[in-house]
Amino acid sequence: MKHLLSIEDLSREGIERILDRAASFAEVAGREIKKVPALRGRTVVNLFYEASTRTQSSFELAAKRLSADVVSIKSTGSSVEKGESLKDTIQTLSSYDPAAIVIRSPQVGAADLVARWSPAAVINAGDGKHEHPTQALLDVYTLRQAMGDLDGRKIWIVGDVLHSRVARSNILAFRRMGADVTLSGPPTLIPRGIEALGCEVETTLDRLPEADVVYALRMQRERMTQAFVPTLREYAERYQVNAARLGPDQLLMHPGPVNRGVELSADVIDSPQALIGRQVEAGVVVRMAVLYELLAGSAAPVGVTDDALAPAEALR
Ligand code: NCD
């Protein structure tokens, strides 16, 4: 695999391979010195044209823990603000001969374009409302750690599906791993024809108790060009996941950032059922595994005995 642009690029075996590799990196994350020499001398460029806390910091940490040289560029404070086009920016950054470019953009298809313009391996860190494949991988990783295989598990994705790249990538990944996926939210926030991805649609939370996992989405007001719900208060009344609606055995996920009091109530965010902190933690090891897969070659064996996983010191 040269790039990671969409979950469609991955078979179930491909996903499992990356997650197994991530699990071996989790051992490295537990060490005092959390660095391995796998990508020593390679350059990773992180190009973020949209706000990001978790994705940006975890890609940066992931590349650094693999000993790569990392350049992180945000649209604010770079020449993008001066009107430099994406193509010119890529051409400029290509002078550093990067092994990988990680890109987040508000434009659907931006990562695909970069993959055409640059010889580097390209990772889609979110393109508009299209896809966010590494989020889906870290979510599957988190769930596998919490409940084992996803075969036959019922996962409900609740909220603003229409504007969510996370929903698209996660539907594809959860289905590929054998889970049953149900989407629920106001009809105005569920894209028409989305059932074609192999999921069911519900417009109420009446059947939410059937879910093993409840995956709440943020109301993405920055992408809303019209009023999709009457008010956030009315939205919360019908669709907020709160202690009254979440059963004691159901797991709760959210990609972050959370609008407290809108899609989730404070009590469930801080409950032991919430995997939200574990999702963030998984972000680093899963992104290490993706970088490793693309740059160190998929022929490399999975496991901690791998030379590239020896502590950085040992190989000096
Ligand atoms: C998501 C995103 O940017 O698509 N956040 C993330 O990467 N953790 C979801 C969101 O912004 O709601």
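Rules of the game
- Every chain begins its residue count from 1, and numbering advances along the sequence as written.
- Local features are withheld for residues below a pLDDT of 70 in this predicted model, meaning they are given only at 70 or higher, and side-chain atom pairs are given and counted only at 80 or more; totals for whole chains, interfaces and linings count all residues.
- In computing side-chain properties, one takes all heavy atoms of the structure into account and sets aside hydrogens as well as water.
- Strands are runs of DSSP state E lasting at least 2 residues, helices are runs of H or I lasting at least 4, and numbering of each runs from the N terminus.
- A radius of gyration in this sense is built from C-alpha atoms; the matching globule rule multiplies 2.2 Å by the number of residues raised to 0.38.
- Methods summary: accessible areas were calculated by the Shrake-Rupley approach with a probe of 1.4 Å, and residue burial reflects only the protein chains presented.
- The rule is simple: take the accessible area with a 1.4 Å probe, protein chains only, and divide by the maximum for that residue type; under 20% is buried, over 50% is exposed, in between is partly exposed.
- Each pair of strands is called paired provided DSSP finds at least two bridges between the two strands.
- By convention, a crossover is right-handed whenever its connection, traced from the first strand over the helix to the second and viewed with the strands pointing away, goes clockwise.
- Where each domain begins and ends is defined by an automated method or by a domain database.
- Buried surface area refers to the total accessible area, computed with a probe of radius 1.4 Å, that the two partners give up upon joining, counted for both partners together.
- Just to be clear on terms, a salt bridge is a Lys or Arg side-chain nitrogen sitting within 4 Å of an Asp or Glu carboxyl oxygen.
- Counting of polar contacts relies on pairs of N or O atoms within 3.5 Å, with two restrictions inside protein: one atom must be capable of donating a hydrogen and the other of accepting it, and residues adjacent in sequence are counted only when both atoms are side-chain atoms.
- Expected span of a helix, by definition, is 1.5 Å for each gap between consecutive residues, and there is one gap fewer than residues.
- Bend at a residue means the angle formed by two fitted axes: the first through the 7 residues ending at that position, the second through the 7 residues beginning there.
- Contacts between residues were defined by any pair of non-hydrogen atoms, one from each residue, lying within 4.5 Å.
- Lines fitted to the C-alpha atoms define the axes, with helices restricted to the stretch that makes contact. Angles between their N-to-C directions range from 0 to 180 degrees.
- Put simply, angles under 35 degrees are roughly parallel, angles over 145 are roughly antiparallel, angles from 65 to 115 are roughly perpendicular, and the rest are oblique.
- Helix crossings fall into two classes, left-handed where the near helix is turned counterclockwise from the far one by less than a right angle and right-handed where it is turned clockwise.
- Following the grouping adopted for this structure description, the nonpolar residues are Ala, Val, Leu, Ile, Met, Phe, Trp, Tyr, Cys and Pro, the charged ones are Asp, Glu, Lys and Arg, and the polar ones are all others, Gly among them.
- A single heavy atom is enough: if one lies within 4 Å of a molecule or strand, its residue is considered near that molecule or strand.

Participant: Can you help me understand the overall build of the protein chain in this one?
Facilitator: Of regular secondary structure, the protein chain possesses nine helices and nine strands. In terms of overall dimensions, the protein chain is globule-like: its C-alpha atoms have a radius of gyration of 20 Å, near the 20 Å expected for 316 residues. If one aligns the C-alpha atoms of the protein chain with their principal axes, the spans along those axes are about 60 × 45 × 35 Å. Split by element, the accessible area of the protein chain, about 13,400 Å² in all, is 49% carbon and sulfur.

Participant: How do you make sense of the pairing of strand E4 (residues 121-127) when you look at a structure like this?
Facilitator: Of all seven residues in E4, seven are buried, a share of seventy percent or more. Alignment of strand E3 (residues 100-105) against E4, held across five bridges, turns out to be parallel. The residue bridging Ser-105 from the neighbouring strand is Asp-127, located in E4. Traced from E3 through helix H4 (residues 110-117) to E4, the parallel crossover comes out right-handed.

Participant: When you look at the domain arrangement of the protein chain in this model, what are you seeing that I'm missing?
Facilitator: Interface size, as often reported, equals the accessible area lost upon joining of the parts. According to the domain assignment, the protein chain consists of domain 1 (7-132 + 282-303) and domain 2 (133-278). Each of domain 1 and domain 2 has a C-alpha centre, and these two points are 25 Å apart. Roughly 2,600 Å² is buried in total at the junction of domain 1 and domain 2, and carbon and sulfur atoms are behind 59% of that figure. Applying the counting rule to domain 1 against domain 2 returns four salt bridges. Between Arg-165 and Glu-50 there is a salt bridge whose closest N-O contact spans 2.8 Å. Across the contact surface, domain 1 and domain 2 share 15 residue pairs in polar contact (both at pLDDT 80 or more).

Participant: Can you walk me through helix H9 (residues 276-295) in this structure?
Facilitator: Along an α-helix, residues three or four positions apart point the same way, because every turn accommodates 3.6 residues. For H9, which comprises 20 residues, the first-to-last C-alpha distance of 29 Å matches the rise-based estimate of 28 Å (1.5 Å per residue) to within 8%. Approximately 30° is the largest bend angle found in H9, and it occurs at Gly-283. Within H9, 16 of the 20 residues are buried, which leaves it mostly tucked inside the rest of the structure.

Participant: Just checking my understanding: could you explain the environment of Arg-223 for this structure?
Facilitator: One can find Arg-223 in the loop between strand E8 (213-216) and helix H7 (232-239). Residue classification places Arg-223 among the buried residues on the basis of a relative accessible area of 16%. Note: C-alpha distance between Arg-223 and Gly-128 (95 residues apart in sequence) is 8.8 Å. Residues in contact with Arg-223, not counting those within four places in the same chain, are Glu-50, Gly-128, Lys-129, His-163 and Arg-165. Here the side chain of Arg-223 touches His-163 through a polar contact of 3.4 Å, landing on its backbone oxygen.

Participant: Any chance you could explain the sheet that holds E3 here in plain terms?
Facilitator: Sheet strands line up and pair through hydrogen bonds in the backbone, either parallel or antiparallel. Taken together, four strands build an open sheet; the order of strands is E2-E1-E3-E4 and the sheet is parallel. The open sheet has two edge strands with one neighbour each: strand E2 (69-74) and E4. Going from strand to strand, the sheet's axes swing by 10° on average, the running direction of each strand aside.

Participant: Where do I start with the packing of helix H1 (residues 12-29) against helix H5 (residues 133-147) in this structure?
Facilitator: Any two packed helices are characterised by how steeply their axes cross, that is the angle between the axes, and by the distance between the axes. Where H1 meets H5, the closest approach of the two axes is 10 Å, and the angle between their N-to-C directions is 70°. Classified by the angle their axes make, H1 and H5 are roughly perpendicular. Relative to H5, H1 is oriented so that their crossing is right-handed. Contacts between H1 and H5 involve Ile-15, Glu-16, Ile-18, Leu-19, Asp-20, Ala-22, Ala-23 and Ala-26 from the former and Leu-137, Val-140, Tyr-141 and Arg-144 from the latter. Looking at side-chain class alone, the contact of H1 with H5 contains nine nonpolar, no polar and three charged residues.

Participant: I tried to follow helix H2 (residues 54-65) on my own but got confused; where do I start?
Facilitator: The first and last C-alpha atoms of H2 sit 16 Å apart over 12 residues, in line with the 16 Å expected at 1.5 Å per residue. By the burial criterion, the buried members of H2 are Thr-55, Gln-56, Ser-58, Phe-59, Ala-62, Ala-63 and Arg-65. Phi turns positive, to about 70°, at Ser-67, one or two residues after H2.

Participant: Explain the site of the ligand here, please?
Facilitator: Taken together, the residues surrounding the ligand are Thr-55, Arg-104, His-132, Gln-135, Arg-165, Val-166, Arg-218, Pro-255, Gly-256 and Pro-257. Thr-55 places a side-chain nitrogen or oxygen 3.0 Å from an oxygen atom of the ligand. Residues of the shell around the ligand, tallied by class, amount to three nonpolar, four polar and three charged. Residue-level mapping places the shell around the ligand at the junction of two domains, with at least three residues from each of domain 1 (7-132 + 282-303) and domain 2 (133-278).

Participant: Honestly, the pattern of salt bridges in this entry has me stumped. Any pointers?
Facilitator: Evaluation of the coordinates by the stated rule reveals 14 salt bridges. With a closest N to O distance of 2.9 Å, Glu-60 and Lys-64 form a salt bridge. With Glu-60 and Lys-64 both in helix H2, this residue pair falls four residues apart, about one helical turn. A cluster of three or more residues bridged by salt bridges with shared partners is formed by Arg-12, Glu-16 and Asp-151.

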